[in-house]
Amino acid sequence: MNILAFESSCDETAVAVVRDGRHVLSDAILSQADMHAIYGGVVPEIASRKHVEAIAALSGKALADAGLARSDIDAVAVTYGPGLIGALLVGVNFAKAAAFALGVPLIPVHHLRGHIAANYLAFPELEPPFLALCISGGNSMLVDVRGYTDMAVLGATRDDAAGECFDKIARVLGLPYPGGKPMQDLARGGDDAKYPLPRAKVAGNDLDMSFSGLKTAAVNLVHNAEQKGEAIDRSGLAASVTAAISEELVPRAMEAAKRCGRKVLVAAGGVAANERIRGDLERSCRENGIRLYLPPLSLCGDNGAMIGSQAYYEYLSGARADSSLNAYATLEL
Ligand code: KG4
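All figures in this text were calculated on a predicted structure; none of them were measured in a lab.

Further remarks concern helix α10 (residues 304–316). In a regular helix each residue adds 1.5 Å, so 13 residues correspond to 18 Å; α10 covers 19 Å between its end C-alpha atoms and thus fits that length. Burial runs high along α10: 11 of the 13 residues are buried. All of the buried residues in α10 are Gly304, Ala305, Met306, Ile307, Gly308, Ser309, Gln310, Ala311, Tyr312, Tyr313 and Glu314. Its side-chain oxygen placed 3.1 Å from the backbone nitrogen of Ala305, Asn303 serves as the N-cap of α10. Looking one or two residues past α10, Gly318 carries a phi angle of roughly 100 degrees, positive in sign.

Spelled out as structure tokens, the structure:
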């Protein structure tokens, strides 16, 4: 089954063709990051306009790269949330039109389910059940993946996402957007104990996370140093921030795996590209006898192939949308 999949939830326009949920026939992506970098973050209105400009040509490219004709497409899939509402609406409306024109079913896909499914593309043997650590620009979540479409959220951030925390701190350090990768580069060789930064304790569900206190502490540290004319150890701060974020995520992932009895952990989302977090996950999983799947860097960030993968399993479980499909800025997993 060939699925033509659309992703436009943030600042990447992506169209892919995926066969039977596991084989990527094409994966066309156009990132707008350079445009948003001028403003230090994603400007939603610009994102929507850029998606409109790109999506038709990218669809043609995805089909051509796959070596398929329109008549070879069996279904159309699209991310319908969560994300920037205007950006999502571009993908949703284009996908609706494509499904109607091709006379094929339309499959709605949750963005984070797509991030998890990116791992099915890299690891043919991977099947649920497993625990997923979803860490992206907009979400941080621990998910018990009981089946391909049967998931339970065990813990989530109460405020900022891990990626957002990286991006905001990077910004006060004068690093380009998106800040995760530049923070990683700056942290290399830095002293990760240089600055004592807060680790959040969340009342209620101890698998929930919080990154806003850490973000504020790091931002204040930079501003205070600037006001006093003091130099900060930029590399040490980047390393200290990364260590704090990793310590929010990795021990909670181990605890969640223990509680739901999972022996397989899957990482997903843009922040899963971080070398410190990957290293900490590898070590902790080894110590706890957990098999770890880390997606290749090319599949950590937003892409259309992950949507096409998850869509296949959504289709098998009966998910269908019609022309009344809407987009949602927030959406339960
Ligand atoms: O998954 P993604 O592409 O978009 C969303 O679905 O949100 O994640 C983007 C986030 C950004 O916050 C970016 O700074 C972060 O992933 N990121 C990283 C790294 N590469 C990307 N964070 C830390 N280390 C990295 N190497």
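Still more to cover.
Note on placement: Asn119 falls in helix α4 (residues 111–122). Judged by relative accessible area, which is 0%, Asn119 ranks as buried.

This part covers the environment of Leu237. With respect to the element layout, Leu237 can be found in helix α8 (residues 234–260). Once residues lying within four places of it in the same chain are set aside, the contact partners of Leu237 are Leu173, Tyr195, Leu197, Leu221, Val222 and Ile232.

Considered as a void within the structure, the largest pocket measures approximately 1400 Å³ in volume. Considering the residues around the largest pocket, the lining is formed by 46 residues, among which Cys10, Ser136, Gly137, Gly138 and Asp167 are closest to the centre. Every element with two or more residues in the lining of the largest pocket is listed here: α4, α5 (162–172) and α6 (180–187). Examining the composition of the lining of the largest pocket, we find that six residues originate from one element, α5, more than from any other. Looking at the lining of the largest pocket residue by residue, the classes come out as 18 nonpolar, 19 polar and nine charged. When residues of the lining of the largest pocket are assigned to domains, at least three map to each of domain 1 (2–116 + 300–316) and domain 2 (127–299). Taken as a whole, the second largest pocket holds about 200 Å³ of empty space. In terms of lining, the second largest pocket is formed by Leu4, Phe6, Ala56, Ser59, Gly60, Leu63, Arg70, Phe94, Ala97, Ala98, Ala101 and Leu102. At the level of secondary structure, the elements contributing two or more residues to the lining of the second largest pocket comprise β1 (2–7), α2 (44–66) and α3 (85–102). It is α3 that contributes the most residues to the lining of the second largest pocket, five residues altogether. Per-class residue counts for the lining of the second largest pocket are nine nonpolar, two polar and one charged.

Conventions and cut-offs
Residues numbered from 1 in each chain as written. Predicted model: local features only at pLDDT ≥ 70, side-chain atom pairs only at ≥ 80, totals over all residues. Heavy atoms only, no water. Helix = DSSP H or I, 4+ residues; strand = E, 2+ residues; numbered from the N terminus. Expected span 1.5 Å × (residues − 1). Buried < 20%, exposed > 50% of the residue type's maximum accessible area, 1.4 Å probe, protein only. Polar contact = N/O pair within 3.5 Å; in protein donor to acceptor, adjacent residues only side chain to side chain. Contact = heavy atoms within 4.5 Å. 1 Å grid on protein atoms, 1.4 Å probe; cavity = no way out; pocket = protein on both sides within 12 Å on 5 of 7 lines; lining within 4 Å. Points joined across faces, edges and corners; volume = space filled by probe spheres on them. Nonpolar A, V, L, I, M, F, W, Y, C, P; charged D, E, K, R; others polar. Domains from an automatic or database assignment.

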